[in-house]
Amino acid sequence: MKKIIRITAVLLLSVSLFSFDFNKDLEKKYNLKAEKDKKSGITWFKHNSCVKASSRIYLYFGITKKKGLVLRMVINYFDEDRLFINKYIFTIEDEEHILTPREQIQFIEAEELTCEYYDVMINQDEFALLQKIAQAEEVKLRYVGAKGFKRVKIHKKAKNALEDVLNAIQEVAVHIQEQQDK
């Protein structure tokens, strides 16, 4: 909690300290893709593996002058039939962590697949959960819905992407602190 508050406070004070070169270096070092939303003024950073693939869970962040650092998490469910998900159960190294959505789960129907996705600004508990997932050897996700459940394994690629984004967030905070100390 203290870490998130400190990072957010630092970013609120000095978002303008970012240079184009810093963003490009961040993208290259952590395999990120930056995208500027001109309407909102937010530059979003997502891991390239999340942009190109249908990841089950990922973290992304944005930097804006008004709000500072914005951390968001996405949990996706893809299948032929909709589950009407009402909670997620992560089994991390044989320990269960229940995540109950705080906002409505969105739904997209494509030709052969449906997607239920949860895209939310993370809180301190979710941030800690993402850190545990990134560091764990084995992680399973159970989607629980009104029409049943489905279990999946969170693959190493997704955990590595989480770790990259967490490290990028840490580097952003350090960079801002260095700029303020000058």
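Just so we're clear, the structure is a prediction, and the values are computed from it rather than from any experiment. (Residues numbered from 1 in each chain as written. Predicted model: local features only at pLDDT ≥ 70, side-chain atom pairs only at ≥ 80, totals over all residues. Heavy atoms only, no water.)

**Brief notes about the pattern of salt bridges**
One side chain can pair with another of opposite charge once the charged atoms of both are near each other. Inspection of the entire model under this criterion finds six salt bridges. As a salt-bridge pair, Asp119 and Arg72 come within 3.0 Å of each other at their nearest N and O atoms. Of the two residues, Asp119 is situated in strand S8 (residues 114-121) and Arg72 in strand S4 (residues 68-79); the sequence distance between them amounts to 47 residues. Residue Asp119 is classed as partly exposed on the basis of its relative accessible area, which comes to 26%. Lys150 is paired through a salt bridge with Asp79; the nearest N and O atoms lie 3.4 Å apart. On the criterion of sequence distance, the pair formed by Lys150 in strand S10 (residues 148-153) and Asp79 in strand S4 is long-range, its members being 71 residues apart. Using a relative accessible area of 22% as the deciding quantity, one classes Asp79 as partly exposed. (Salt bridge = Lys/Arg side-chain N within 4 Å of Asp/Glu carboxyl O. Helix = DSSP H or I, 4+ residues; strand = E, 2+ residues; numbered from the N terminus. Buried < 20%, exposed > 50% of the residue type's maximum accessible area, 1.4 Å probe, protein only.)

**Points about the sheet that holds strand S5 (residues 85-92)**
One open sheet accounts for four strands, arranged S6-S5-S9-S10; its pairing is antiparallel. A strand with exactly one partner marks an edge of an open sheet, and here the two such strands are strand S6 (95-99) and S10. Ignoring which end each strand starts from, the neighbouring axes of this sheet average 20° apart. Pairing analysis gives seven bridges linking S5 to strand S9 (residues 139-145), with the strands arranged antiparallel. When the sheet's bridge partners are listed, Ile92 is paired in S9 with Val139. (Pairing = 2+ DSSP bridges. Axes fitted to C-alpha atoms, helices over the stretch in contact; angles between N-to-C directions.)

**Things to note about the packing of aromatic side chains**
In this description, a pair of aromatic rings is defined by centroid distance and the angle of the planes. The final tally for this structure, using the stated rule, is six aromatic pairs. Three or more aromatic residues link up through ring pairs in this structure, and these residues are Tyr77, Tyr88, Tyr118 and Tyr143. Over the ring of Tyr60 we find Lys46; its NZ or CZ atom is 4.8 Å from the centre of that ring. (Phe/Tyr/Trp six-rings, centres within 6.5 Å; stacked < 30°, edge-to-face > 60°. Lys NZ or Arg CZ within 6 Å of the ring centre and 35° of its normal.)

**Notes on the pairing of S8**
In the sheet, strand S7 (residues 106-109) pairs with S8 via four bridges, with the strands oriented antiparallel. What sits directly across from Gln106, in S8, is Tyr117.

**Some details on the confidence of the model for the protein chain**
For residues with low pLDDT, the predicted coordinates do not support detailed interpretation. On average, residues of the protein chain score 85 in pLDDT, and 81% of them are at 70 or above. The secondary structure element of the protein chain with the lowest average pLDDT is helix H1 (residues 2-14), at 51, and the one with the highest is S5, at 98. Throughout residues 9-17 the model reports pLDDT below 50, and contacts reaching past four residues in sequence, or to other chains, amount to 23 contacts. (pLDDT = per-residue confidence, 0-100. Contact = heavy atoms within 4.5 Å.)

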